[in-house]
Amino acid sequence: MLESVRHLDQVAREWNVNPEEVLLIALNASGARSPLAKPRMRFRLRLDSRPDTPLFLILSLGREDSPFELDEYELRLNGEKVGEVDGIEDDDAVLGYWRNGTKMLTLNSNARSQCTGCVFCPNTLEDASDPKIKALDLPGYLGALAANSGMEDLSAVETVTVCTGCFLYENLALDHLAEVRAAMGQNGCTGTLHFLSSVLSSDKGMDAAAGLGPFHLTLTAECFTERRQILKESKAKLTPAEMTAALGRAKQRSITTDFTYIVGLDPIEDAIEHLKDFVPVTTAFPRFQTYQAHNAFMDVYRTPGSDTIEWHLTMRRHLEELFAPTGLRPQWWQNYRSPWCFTFAGEELTGAKI
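The numbers attached to residues start from 1 for each chain and follow its sequence in the written order. In keeping with the predicted nature of the model, local features appear solely for residues at pLDDT of at least 70, side-chain atom pairs appear and are counted solely at 80 or more, and the whole-chain, interface and lining totals rest on all residues. Values reported for side chains reflect all heavy atoms of the structure, with hydrogen atoms and water molecules removed beforehand.

## What about unusual backbone geometry?
Keep in mind that most residues, glycine aside, have a negative phi and that most peptide bonds are trans. The phi torsion at Asn-78 lies on the positive side, around 45°, for a residue other than glycine. Note that Asn-78 resides in the loop between strand 4 (74–77) and strand 5 (80–90). Under the scheme used here, helices are H or I runs from DSSP no shorter than 4 residues and strands are E runs no shorter than 2 residues, and both carry numbers assigned from the N terminus.

Now the structure itself:
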């Protein structure tokens, strides 16, 4: 992927992309060698070239073939220090956590660690620390979370995201989302209710979601080729046409729409052919995530060529061509595996990185 810091700088010049973003793409795609005895960790990183901009990452470790090495103090590229590391934590599936300061709360309120369906997902590597919250416990949990974060209530929270893969059916998801909205209200939060899933798709379901107040649907598309081999059944059974139709139904009801997509599973030509159909039904910037292979088994699912930095930069350029005209822009705090952190199509990105 990258041979050295000199190679990194050379690639950045050739592609007219700042070296920090080239490094972050390669790091997410390669993982790292590490003496830390965990398969996956989350941490803060301060790049030596941008020490005043702390970044948050979640990375697969134990990759002995990676050019990167990470310990509890620093990140190195083939032996040369490129950044400082702190705040290392085991990436277990916690009940809730903040992004963008305390403006966005993510909930794993339906036992995310019990979902082991898609081959790219790290849940099988994680310890389960996310027991399902009963409906009557949700208001109390949100209240305790606010208090522990030094907040009187959740009135300043802009978005509450339900991020889980454990709903088998649309009606079960909607029942839980109604419980979350009620708990939000009891804690003073009138912000957007955000849901990442593939089970919400019908007209009736979209009507119910729209009735829950400000609502944002992120459809978990993930990939377009080899879907039956890569994805769990509830995702795999949806065709690209069905996914765009679902997003279209949501958009018609003034629901904010976007989708998740794993960069590195599909050949570029197949990806772009399908993604162009998603542009008209997408109203927030999609969550394009660099594929992280956590072990040699997961390497099997990489599309040919995606083990090179040039493949990733080519894909990044194609995605910019698709979405630059929309005016939608990525934000690192929303997606720690993004192909973009500091710039998009030559435009400087502003906003929080954590």
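## Notes on the pattern of salt bridges
Counted as salt bridges are all cases of a side-chain nitrogen of Lys or Arg within 4 Å of a carboxyl oxygen of Asp or Glu. Tallied over the full model, the rule gives 22 salt bridges. Arg-76 is the partner of Glu-74 in a salt bridge, and the nearest nitrogen-oxygen pair spans 2.8 Å. Overall, the relative accessible area of 22% leaves Glu-74 in the partly exposed class. Three labels apply to residues, based on accessible area from a 1.4 Å probe with only protein chains included: buried if under 20% of the type maximum, exposed if over 50%, partly exposed otherwise in between. Looking at Arg-76, the relative accessible area reads 13%, which means it is buried. In this structure, Arg-302 and Asp-299 form a salt bridge, with 3.2 Å as the shortest nitrogen-oxygen distance.

## Description of the sheet that holds strand 11 (residues 256–263)
Strands were regarded as paired on the criterion that DSSP finds at least two bridges between them. Spatially, 7 strands are ordered 6-7-8-9-10-11-12 in an open sheet, and the strand pairing comes out mixed. The outermost strands of the open sheet, each flanked by one partner alone, are strand 6 (96–99) and strand 12 (287–290). Averaged over all pairs of adjacent strands, the angle between strand axes in this sheet comes to 20°, irrespective of strand direction. Direction of pairing for strand 9 (residues 192–197) relative to strand 10 (residues 215–222): parallel, over a ladder of 5 bridges. In the sheet register, Leu-193 faces strand 10, and the bridge partner there is Phe-215. Contact between two residues is taken to exist if any of their heavy atoms lie within 4.5 Å; hydrogens are not considered. Axis definition: a line fit to C-alpha positions, over the contact stretch in the case of helices; interaxial angles, taken between N-to-C directions, run 0 to 180 degrees. Of the strands in this sheet, strand 6 and strand 7 (104–107) are in contact with helix 3 (residues 138–148), which crosses strand 7 at around 135°.

## Observations concerning a nonpolar patch on the surface
A patch consists of residues whose relative accessible area exceeds 30% and which take part in no salt bridge; residues with like charges are grouped when within 9 Å of each other, and nonpolar side chains (Val, Leu, Ile, Met, Phe, Trp, Tyr) when within 5 Å. Each accessible area value is a Shrake-Rupley result obtained with a 1.4 Å probe; residue values ignore everything except the protein chains displayed when judging cover. Where nonpolar side chains cluster on the molecular surface, the patch consists of Leu-168, Tyr-169 and Leu-172 and spans about 340 Å² of accessible area. With respect to the helices and strands, Leu-172 occurs in helix 4 (residues 170–186).

## What to know about the nonpolar core
In this description, a nonpolar core means a group of buried Ala, Val, Leu, Ile, Met, Phe, Trp, Tyr and Cys residues linked to one another through side-chain atoms lying within 4.5 Å. Within the largest apolar cluster, 59 residues are counted, with the highest numbers of intra-cluster contacts made by Phe-195, Phe-215, Phe-259, Leu-275, Phe-288 and Met-315. Among the elements that line this core, the one with the most residues is helix 4, at 6 residues. Setting aside residues no more than four positions away along its own chain, Phe-195 makes contact with Val-162, Phe-167, Ala-173, Leu-177, Leu-200, Phe-215, His-216, Leu-217 and Thr-218. Core analysis: the next-biggest nonpolar cluster, separate from the first, contains 36 residues, Leu-27, Leu-77, Val-82 and Leu-313 among them.

## Quick word on helix 5 (residues 203–210)
Regarding helix 5, the residues found buried are Gly-205, Met-206 and Ala-209. Taken end-on, helix 5 shows its buried residues confined to a sector of 100°, consistent with a single buried face. Packed against the buried residues of helix 5 are helix 4, strand 10 and helix 8 (240–252). By arc we mean the arc of the directions from the helix axis to the C-beta atoms, nothing more.

## Overview of the pairing of strand 6
Summarising the sheet, strand 6 and strand 7 pair through 4 bridges and their orientation is antiparallel. Paired with Trp-98 across the bridge in strand 7 is Leu-105. Taken together, strand 6 and the strand that follows it, strand 7, pair antiparallel across an intervening segment of 4 residues, in which Asn-100 is found at a positive phi of about 55°.

## Observations regarding the sheet that holds strand 2 (residues 55–60)
With antiparallel pairing, 5 strands are arranged side by side in an open sheet as 2-1-5-4-3. At either end of the open sheet lies a strand with only one pairing partner, and these are strand 2 and strand 3 (68–70). Between one strand axis and the next, the sheet turns through 35° on average, direction left out of account. Two elements, strand 3 and strand 4, share 3 bridges in a ladder whose sense is antiparallel. Residue pairing across strands places Leu-70 opposite Leu-75, the latter belonging to strand 4. Packing of helix 2 (residues 19–30) onto the sheet brings it into contact with strand 1 (40–47), strand 2, strand 3, strand 4 and strand 5, and relative to strand 2 it is tilted by some 30°.

## Regarding empty space enclosed by the protein
With a 1 Å grid spanning the protein atoms alone, the term cavity applies to any set of points in which a 1.4 Å probe fits but cannot get out, the term pocket to an open set with protein on both sides within 12 Å along at least five of seven lines, and the term lining residue to any residue with an atom within 4 Å of a point. Grid points are joined across faces, edges and corners, and a volume is the space filled by probe spheres set on the points. Throughout the structure, instances matching the rule amount to 2 cavities of 30 Å³ or more. Space inside the largest cavity adds up to approximately 50 Å³. Lining the largest cavity we find Phe-285, Pro-286, Arg-287, Phe-288, Pro-330, Gln-331, Gln-334, Asn-335 and Ser-338. When grouped by side-chain class, the residues that make up the lining of the largest cavity number 4 nonpolar, 4 polar and 1 charged. As a volume, the second largest cavity reaches approximately 40 Å³. Side-chain classes follow a simple rule in which Ala, Val, Leu, Ile, Met, Phe, Trp, Tyr, Cys and Pro form the nonpolar group, Asp, Glu, Lys and Arg form the charged group, and the remainder, Gly included, forms the polar group. Partitioned by chemical class, the residues of the lining of the second largest cavity number 5 nonpolar, 2 polar and 1 charged.

## A word on helix 8
Between the first and last residue of a helix there are one fewer steps than residues, each counted as 1.5 Å, and that sum is the expected span. Between its terminal C-alpha atoms helix 8 stretches 18 Å, which fits the 18 Å expected from 13 residues at 1.5 Å a residue. Buried residues of helix 8: Pro-240, Met-243, Thr-244, Ala-246, Leu-247, Gly-248 and Ala-250, and no others. Residues of helix 8 that are buried make contact with helix 5, strand 10, helix 6 (227–230), strand 11 and helix 9 (268–278). Downstream of helix 8 by one or two residues, Ser-254 has phi in the positive range, about 65°.

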